[in-house]
Each structure stands twice: as C-alpha cells, then as structure tokens.
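Architecture and fold: a report
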Amino acid sequence: MDNRYSRQQLFRPIGEKGQQQLNEKHVLIIGVGALGSASAEALVRAGVGKLTIIDRDYVEWSNLQRQQLYTEQDAQEKIPKVIAAKNRLQSINSAVEINGFVLDAFSNELIGLLKDVDLMIDATDNFDVRFMMNDLAQKYQIPWIYGSCIGSYGATYTIVPGKTPCLHCLLKVLPNTGMTCDTVGIISPAVQIVAAYQVSEALKLLVGNEDARRKSYLTFDVWQNQHYEINVEKMRHEDCPSCGENPTYPYLSYENQTKLEILCGRDAIQIRPPKPIHYHFDQLAVQLSPYGEIQKNPYLLSCQATDYRVVIFRDGRVVIHGIQDIEKAKSIYYQLLG
Ligand SMILES: [Zn+2]
C-alpha cells in the first residue's frame, strides 16, 4: 500500500513533495465520455486528492469502443456516465474523494462546484461548453486544459488565466466546429493521445512545475502522421471579451444558456427547459405508456415510440433519439410533456 506511488515519486519533477501536492489538489473534469474517462482514470491512479466529474449522458453501446471506464452492463442498464465512472474509479483508488453529478454543463449548479477547484479539464464534445468553461476559468481564475478530438485528429492547449491567451483569443486557430463524431467518427488512439497530453499538463500544473508547461497550441493527426505546434504566445487580445481588460464573459449570459442543442455522438436532439423541472417518474411512466415501451432507473426514464425514443432526466432535460429535425423534436416534446 505504501509504495503505491513509488514509481511516480522516483520521477524527479514530481518526487515526494509533488506527490503530497497532488494529494491536496481538486480537479474538475467536464464530461466523462472518451477523453474524460481517460483523464479521470489517469488522475485517480496518480493520486489526486479530490476529483469532481460532471456529465449529462448515460452509457450507450456506441460508447464502448473508446470510453474506457464503461462495461456492457452499464450500456444495457443505461447507467448515467458519472455514476458508472465514479464506481469504477473508486474501485481503482479508494483513497481519492470522488464526486459525480449528472448535470448539464450549462447548469447554474456548475458555478457552485467550482469552490476550491485547482484545475479544470475539458472533456466535452462541443465548443459552446468550452467557451463557457473559458469564461468561468477567467472569472474564477482557474487554469484549464482544452482538448478535442475527432476522427484521427486531436488538439490541446493549456490556458492559465493572467498568463496565456484564452480560448477566445485563439478563435482563428480553432478547428472547424461543424464536424461531429456523428459525421466523421473517431478512433480511440486520437482520444488517448489528447488525454495523455492533458494529464501531463495537469500533473505539471498541480505540482507547481510551471516552467514545464507547454506554451503552444498542439494538433496532430495520428493516421496521417502529422504533428503541429502553433506558437500562440502573442495572440492575447487586450480587448478580448473573456480575458481582456474589461471582460464581459459573454458565454455566461442567460441567452447563451437557453437553446436547443444537437448532441455529438448520436442522431439525437436535446431539449433543455429554461428552468429545471422535476418529474415524478412513476406518474410520467403512466402518462407516456400509450406512446411506447417505458424503461426507467433512478436517474432517467425512456419511452421507445415507433420511430423515435425519448429519454427524460431527473432535472427535466429531454433527449429525443432518432430524429434530426428541431421543429419535429419540439412538437414531440410538447405532445408528450407540454
Ligand atoms: Zn482571451
């Protein structure tokens, strides 16, 4: 038990002191899909003191190819990712304090979770959430590590408020945001490489080895054997709305938080009501049973209709699978729940 971290402590830049520092740190990971699974497992094995994970989805069969914390049973039972992840992570290292929240990243509850967070890791699949994280990071002065991957391509960048350009400053170098895993797919090595870079950067920052921090924006394509580093140190804008002299934090505004989204990773539309609605699942099961077969667990209720499937979460979020038309999604929403 005592030599659990011996190999990591033998690594000079960490040492016994660094290990002690890790043990006192709190990391928040937003999203526990592929990237989040990989970095959560690495950080828990490395002995970080406290880990908070948030995610809005449940485990599906199409996740198992790359989301390393999950099993067939999790997919079968539609277990929320944070619940399945927390159980698995806790069995890997029982000494780490792990908190999991089934939560949409746009929720105001996220702000309450930022207290005493030393570092955030981006493991989301969309730029709306990343720009919101970017504003939160600047407002609350929390370093964060951007990461994204699609197909065989990946990108990562480390953002330290007050020291580096923020994500907003880098708009010109960011990849085309129109592509999703739905359209071009993804292979697991791309995920593992991005996560490895993110975790390395996290370890450097958590043990205070600021000099070792990578200053460049890094991208690669592991299938095409390409690797680029873009020097972005001079890209900080004085009038940046997120990190400039008079920040307005545009992505924290209410208008930016109330819209329909197309989820990545499946053919589905999520509808999030402006305020949380707490459904009574037993009642709802009766109300929706004429539309299709009902399946429920403590976290969600699903109704399988002929040509679509509706999943309702505890906080009132609704995901409609099998359709892509936003107007049709709204009409199903109002018909079933309005
Ligand atoms: Zn900026």
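As a reminder, the structure under discussion sits directly above these lines.
The notes below deal with the structure included here. As the structure is a computational prediction, the values presented were derived from the model and not from experiment.

**Focus: the pattern of salt bridges**
- By the definition in use, this model includes eight salt bridges.
- Residue aspartate 116 is joined to lysine 50 by a salt bridge in which the shortest nitrogen-to-oxygen separation is 3.5 Å. Placement of the pair is aspartate 116 in the loop between helix 6 (109-112) and strand 4 (119-122) and lysine 50 in strand 2 (residues 50-55), with a sequence separation of 66 residues.
- Using a relative accessible area of 47% as the deciding quantity, one classes aspartate 116 as partly exposed.
- The class for lysine 50 is buried, based on a relative accessible area of 18%.
- Ionic pairing is found between lysine 163 and glutamate 210, a salt bridge with its closest N-O pair at 3.8 Å.

**Details of the sheet that holds strand 4**
- Here eight strands make up an open sheet; going across it, the order is 3-2-1-4-5-6-7-8 and the pairing mixed. The sheet is open, and its two borders are formed by strand 3 (97-102) and strand 8 (226-230), each paired with just one other strand. Within this sheet the neighbouring strands show an average axis-to-axis angle of 15°, counted without direction.
- Sitting on the sheet, helix 3 (residues 34-46) touches strand 1 (26-30), strand 2, strand 3, strand 4 and strand 5 (144-150), and the angle it makes with strand 1 is about 165°.
- Strand contacts of helix 7 (residues 127-140): strand 1, strand 4, strand 5 and strand 6 (153-159), with the helix running at about 170° to strand 5, the strand carrying the most contacts.

**Topic: the coordination of the zinc ion**
- Protein coordination at the zinc ion: the donors are Cys166 (SG), Cys169 (SG), Cys240 (SG) and Cys243 (SG), at 2.2 to 2.3 Å from the metal.
- Geometry at the zinc ion is tetrahedral, judged from its four donor atoms and the angles of 98 to 123° they form at the metal.
- In primary-sequence terms, the residues that donate to the zinc ion follow C-x2-C-x70-C-x2-C. Considered together, cysteine 166 and cysteine 169 belong to a single accessibility category, that of buried residues.

**Considerations on the packing of helix 3 against helix 5 (residues 81-92)**
- Following both chains from N to C, one finds helix 3 and helix 5 inclined at 30°, their axes separated by 9 Å at the closest point. The angle between helix 3 and helix 5 places the two elements in the roughly parallel class. The two elements helix 3 and helix 5 meet at a crossing, and its hand is right-handed. In this structure, helix 3 contributes Ala40, Glu41, Val44 and Arg45 to the contact, and helix 5 contributes Arg88, Leu89 and Ile92.
- In terms of residue class, the contact of helix 3 with helix 5 is made up of four nonpolar, no polar and three charged.

**Some words on the side chain of glutamate 41**
- Structurally, glutamate 41 can be placed in helix 3.
- Looking at glutamate 41, the relative accessible area reads 13%, which means it is buried.

**Examining the environment of tyrosine 197**
- Position of tyrosine 197 relative to the elements: it lies in helix 9 (residues 188-206).
- Accessibility expressed as a relative area gives 28% for tyrosine 197, which makes it partly exposed.
- Between the alpha carbons of tyrosine 197 and isoleucine 326 there is a distance of 36 Å; along the sequence they are 129 residues apart.

Scoring rules and cut-offs
- Residues numbered from 1 in each chain as written.
- Predicted model: local features only at pLDDT ≥ 70, side-chain atom pairs only at ≥ 80, totals over all residues.
- Heavy atoms only, no water.
- Salt bridge = Lys/Arg side-chain N within 4 Å of Asp/Glu carboxyl O.
- Helix = DSSP H or I, 4+ residues; strand = E, 2+ residues; numbered from the N terminus.
- Buried < 20%, exposed > 50% of the residue type's maximum accessible area, 1.4 Å probe, protein only.
- Pairing = 2+ DSSP bridges.
- Axes fitted to C-alpha atoms, helices over the stretch in contact; angles between N-to-C directions.
- Contact = heavy atoms within 4.5 Å.
- Donors = N, O, S within 2.8 Å, 3.2 Å for Na, K, Ca; no water.
- Tetrahedral: all angles 85-135°; square planar, octahedral: opposite > 155°, others 65-115°.
- Parallel < 35°, antiparallel > 145°, perpendicular 65-115°, else oblique.
- Left-handed = near helix turned anticlockwise from the far one by under 90°.
- Nonpolar A, V, L, I, M, F, W, Y, C, P; charged D, E, K, R; others polar.

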